[in-house]
Amino acid sequence: MKSKDSSYYNNRRLALSIFWLVTGVVLTVLSILEVLDSTYWSGMGGGLIAVGALQIARNLRYRRNPEYREKIDTEAGDERNSFLRMKSWSWTGYIVMLVEAVGVVVAMVLRQETVRTVLSYSVCLILLVYWVSYLVLSRKY
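Each residue is numbered by its place in its chain's sequence as written, counting from 1. Local features are withheld for residues below a pLDDT of 70 in this predicted model, meaning they are given only at 70 or higher, and side-chain atom pairs are given and counted only at 80 or more; totals for whole chains, interfaces and linings count all residues. Only hydrogens and water are set aside when side-chain values are computed; all heavy atoms of the structure are taken into account.

A.B. asks: Please give an account of the packing of aromatic side chains that cites residues and values.
C.D. replies: What counts as a ring pair is set by centres within 6.5 Å for rings of Phe, Tyr and Trp (its six-membered ring), and what kind of pair is set by the plane angle: stacked under 30 degrees, edge-to-face over 60, tilted for all other angles. Evaluation of the coordinates by the stated rule reveals three aromatic pairs. With a centroid separation of 5.0 Å and 75 degrees between ring planes, the pair formed by Tyr40 and Trp41 is classed as edge-to-face. Relative accessible area decides the class of each residue, using a 1.4 Å probe on protein chains only: under 20% of the type maximum gives buried, over 50% gives exposed, and in between gives partly exposed. By relative accessible area, Trp41 is classed as partly exposed at 31%. Of note, Arg61 hangs over the ring of Tyr68, and the distance from its end group to the ring centre comes to 3.9 Å. Lysine NZ or arginine CZ positioned within 6 Å of the ring centre and within 35 degrees of the ring normal marks a charge as sitting over the ring. Just above the ring of Tyr62 sits the side chain of Arg69; from NZ or CZ to the centre is 5.7 Å.

Next up, the structure:
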């Protein structure tokens with residue numbers, strides 16, 4: 001069995017979940033009191049409340065249910081899942097970059113300069129992050 005600090009749902013994760021819950025409550029209350037004047041903030045607060053509450057429930061279930069703990073620890077440490085997560089991110093990067101590149105061309109045709117500029121910068125950022133990541137990883141491995 002793993003130590004508490006190395007387990008998947010450690011105290012830092014629980015503290016972060018509590019932080020999201022409290023932040024959501026604060027945003028919702030400030031929105032209701034009209035300190036924050038947009039319904040965006042109350043919606044974000046509601047979302048953070050839901051995420052925080054669900055994560056706290058999962059964390060407590062992990063701590064109290066040995067079968068669930070074993071299942072989560074196995075999934076978190078499984079090399080196949082790690083490989084699939086890495087492969088999914090690489091596919092996501094390619095797909096997002098290609099969709100944005102097509103979006104640049106479409107925005108140019110439709111004369112949407114702001115959209116074209118934002119998408120162009122996004123493609124450039126993705127390529128820059130890829131290049132820096134490649135350089136760092138090529139030195140590490």
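Once you've had a look at it, read on.
A.B. asks: Could you give me a rundown of unusual backbone geometry, with the residues and numbers involved?
C.D. replies: One non-glycine residue, Glu34, lies in positive phi territory at about 60 degrees. Along the chain, the position of Glu34 falls in the loop between helix H1 (11-32) and helix H2 (39-64). Given the relative accessible area of 68%, Glu34 is considered exposed. Strands here mean DSSP runs of E at least two residues long; helices mean DSSP runs of H or I at least four residues long; both are numbered from the N terminus.

A.B. asks: Account for the environment of Leu21, naming residues and giving values.
C.D. replies: Assignment of secondary structure puts Leu21 in helix H1. With a relative accessible area of 26%, Leu21 lands in the partly exposed category. Taking C-alpha positions, Leu21 is 36 Å from Leu137, a pair spaced 116 residues apart along the chain. Contacts: residue pairs with any heavy atoms within 4.5 Å of one another. Ignoring sequence-local partners within four residues, the contact set of Leu21 consists of Leu48, Ile49, Gly52, Ala53 and Ile56.

A.B. asks: If you had to explain the pattern of salt bridges to someone new, which residues and values would you point to?
C.D. replies: Take a side-chain nitrogen of Lys or Arg and a carboxyl oxygen of Asp or Glu: if they are within 4 Å of each other, that pair is a salt bridge. Taken as a whole and assessed by the stated rule, the structure comprises one salt bridge. Residue Glu113 is joined to Arg116 by a salt bridge in which the shortest nitrogen-to-oxygen separation is 2.8 Å. Pair noted here: Glu113 and Arg116 are both in helix H5 (residues 113-140), with a separation of three residues, about one helical turn.

Honestly, that's just the spatial picture; any functional story needs more than this.
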